[in-house]
Amino acid sequence: MKIEISREIERFGPIKIHGVQKVFELDGGLKNADNDEEYNPIMQRIAYDIQHEIQEQMAIVVPVRNEKIKLIEGVLSGIPHHCQVIIVSNSPREPMDRFKLEKDAIEHIGRFMNRKFLVVHQKDPVLTKAVEASGYKHLLDKKGNIKNGKAEGMILSTMLAYLCGKKYVGFIDSDNYFPGAVLEYVQEYCAGFFLSASPFTMVRISWHSKPKVVESNLFFAKRGRASEHTNRILNRLISYYTGYGTEIIKTGNAGEHALTMEMAMQLDYSSGYSIEPYHYVNVLERYGGILAPPSDKVMKEGVEFFQIESRNPHLHEVKGDQHVKDMSLAAMEVIYHSPICPPALKANILEDVHNRKLLKKEEDIESQLHYYPALYSADFKKFKEELKNEEYAPLFVQDVSKYTPREKDKKLMRDTKAAKIKEIPKEGKLEVK
Ligand code: GDP
Ligand code: CO
């Protein structure tokens, strides 16, 4: 792949947010190709072999709920062979066992591809027990089952990816119509990791376009309906502290994103569809220098966000207006209820949700989402022990001790949500070091 370097970089304490980077060539050739061209300081070439090395250390998570099996098959066919695919499904098992059908179909194509997919159901009692044993009970509902929701499925699969010993974890929605786009996203994840200088990195895809039929012609829309608003508010949040207007964030709602495992372990998450915008909010909360940072290592090494613009159009299932509204409201909620959200921005968000009729005029944005503290508080040894008899256990690595918390580390853990800033300074007054 050949990709331009980022033109703009927004810095916020130790956080670097790279502006959107364009892909110029999808295939960058081999590392030591004979006809290598001269070094070009504004273009980066990520050779095939490098992509491959990263893919071998990457898990790709595919969350599923009630998607067409043909769509899921297409998505799987686009994921490079050496990535470990983890499919977490929350499809209903009653009256018909949809999950059984999915698993059967996935295993069937797995035979042709000669690869082992890790397929689980979000409500699997064995997994539920394992989550409980790990001490990460935040994922469980009152009845003791793993909660519904895309974010909850993603958190669970991040834990599984960790047991597989993967250094990177990426997410690809299962309702994507173009396998070629899926392949491209994974390559872009690799490109971001290759370009990053920090072990705490996130890569987010900004689609080039979303095709729609408008007056019986194909129209390639630049952004999704919810994204525009989410991006604008996130950018305002940043400008508030830096004192400079910015449009750096273009991927507030990016479902397609990947993280280094180190980063995945250090982030707090929020529920449902709010998880993606919350990545930005939480990194700003945790490491932006406003609240007390929970990890010195992250403060030293820094966090990098890459936003890469894909070439393939993004075409996924149309889920209707209400779905987009819910998603947009959830995004607004995580910003609105963040301890770092200044009153002026809160007023702005409220006005926006009323204007867009996401809420009635007199309604306030209630706090309905759940928050999940960073995963490093889970005991992965115990999590693995409970899963040792599962058919996918051979995919796990021997030593999972890296993040197993010791008593001394437990004391260091802080829940960012509980943190309070005494007073939010007036616009432009706060200096972020
Ligand atoms: P959008 O593309 O962001 O509008 O949202 P989608 O409804 O397409 O959901 C994104 C992905 O998450 C899709 O692959 C869904 O099948 C999947 N998904 C949605 N809800 C859940 C859930 O509760 N659990 C799991 N595991 N996946 C879910
Ligand atoms: Co979708």
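The rules behind these values
- Residues numbered from 1 in each chain as written.
- Chains lettered and ligands numbered in written order.
- Predicted model: local features only at pLDDT ≥ 70, side-chain atom pairs only at ≥ 80, totals over all residues.
- Heavy atoms only, no water.
- Near = heavy atom within 4 Å.
- Polar contact = N/O pair within 3.5 Å; in protein donor to acceptor, adjacent residues only side chain to side chain.
- Areas by Shrake-Rupley, 256 points an atom, 1.4 Å probe, with all protein chains shown as cover.
- Helix = DSSP H or I, 4+ residues; strand = E, 2+ residues; numbered from the N terminus.
- Nonpolar A, V, L, I, M, F, W, Y, C, P; charged D, E, K, R; others polar.
- Donors = N, O, S within 2.8 Å, 3.2 Å for Na, K, Ca; no water.
- Tetrahedral: all angles 85-135°; square planar, octahedral: opposite > 155°, others 65-115°.
- Buried < 20%, exposed > 50% of the residue type's maximum accessible area, 1.4 Å probe, protein only.
- Salt bridge = Lys/Arg side-chain N within 4 Å of Asp/Glu carboxyl O.
- pLDDT = per-residue confidence, 0-100.
- Contact = heavy atoms within 4.5 Å.
- Phe/Tyr/Trp six-rings, centres within 6.5 Å; stacked < 30°, edge-to-face > 60°.
- Lys NZ or Arg CZ within 6 Å of the ring centre and 35° of its normal.

1. Re the site of ligand 1
Part 1 of the reasoning: Contacts to ligand 1 come from 17 residues, most closely from Glu 67, Ser 174, Asp 175, Lys 319 and His 323.
Part 2 of the reasoning: Contact distances for ligand 1 include 3.4 Å between a nitrogen atom and a backbone N or O atom of Val 64.
Part 3 of the reasoning: Between ligand 1 and the protein, one listed contact pairs an oxygen atom with a backbone N or O atom of Arg 65 at 2.9 Å.
Part 4 of the reasoning: When isolated, ligand 1 has an accessible area of 570 Å², and the protein chains bury 94% of it.
Part 5 of the reasoning: The set of elements that each furnish at least two residues to the shell around ligand 1 consists of strand 5 (58-64) and helix 11 (321-336).
Part 6 of the reasoning: Grouping the constituent residues of the shell around ligand 1 by class yields five nonpolar, six polar and six charged.

2. Description of the coordination of the cobalt ion (ligand 2)
Part 1 of the reasoning: Taken together, Asp 175 (OD) and His 316 (ND1) make up the full set of protein donors to the cobalt ion (ligand 2), lying 2.1 to 2.2 Å away.
Part 2 of the reasoning: Taken together, the four donor atoms surrounding the cobalt ion (ligand 2) define angles of 80 to 165 degrees at the centre, an arrangement classified as square planar. Note that Asp 175 is positioned in the loop between strand 8 (168-171) and helix 6 (179-195) and His 316 in the loop between strand 14 (303-309) and helix 11, a separation of 141 residues in sequence.
Part 3 of the reasoning: With a relative accessible area of 5%, Asp 175 lands in the buried category.

3. With respect to the pattern of salt bridges
Part 1 of the reasoning: On inspection of all chains with the given rule, the structure shows 16 salt bridges.
Part 2 of the reasoning: Of the charged contacts, one joins Asp 352 and Arg 356 as a salt bridge, the two residues approaching to 2.9 Å between their closest N and O atoms.
Part 3 of the reasoning: Asp 352 gets classed as buried once you look at its relative accessible area, which sits at 10%.
Part 4 of the reasoning: Residues joined by salt bridges that share partners form a network here, namely Lys 103, Glu 107 and Glu 391.

4. Brief notes about the confidence of the model for the protein chain
Part 1 of the reasoning: Per-residue confidence for the protein chain gives a mean pLDDT of 89, with 92% of residues at or over 70.
Part 2 of the reasoning: Every residue in residues 411-433 is under pLDDT 50, and counting partners more than four places away or in other chains gives 45 contacts.

5. Remarks on the environment of Asn 389
Part 1 of the reasoning: In this fold, Asn 389 is placed in the loop between helix 13 (380-386) and helix 14 (407-412).
Part 2 of the reasoning: Under the relative-accessibility criterion, Asn 389 is labelled exposed at 68%.
Part 3 of the reasoning: Sequence separation of Asn 389 and Val 126 is 263 residues, and the distance between their C-alpha atoms is 9.7 Å.

6. Details of the packing of aromatic side chains
Part 1 of the reasoning: All told, the structure shown has eight aromatic pairs when counted by the stated rule.
Part 2 of the reasoning: Note on Tyr 162 and Phe 380: the rings are 4.4 Å apart at their centroids and 55 degrees apart in plane angle, and the pair reads as tilted. Note that Tyr 162 is positioned in helix 5 (residues 150-163) and Phe 380 in helix 13, a separation of 218 residues in sequence.
Part 3 of the reasoning: Note on Phe 380 and Phe 383: the rings are 6.3 Å apart at their centroids and 85 degrees apart in plane angle, and the pair reads as edge-to-face. Taken as a pair, Phe 380 and Phe 383 lie in helix 13 at a separation of three residues, close to a single helical turn.
Part 4 of the reasoning: You can call Phe 380 buried: its relative accessible area is 0%.
Part 5 of the reasoning: One residue, Lys 346, lies across the ring of Tyr 336, its end atom 5.1 Å from the ring centre.

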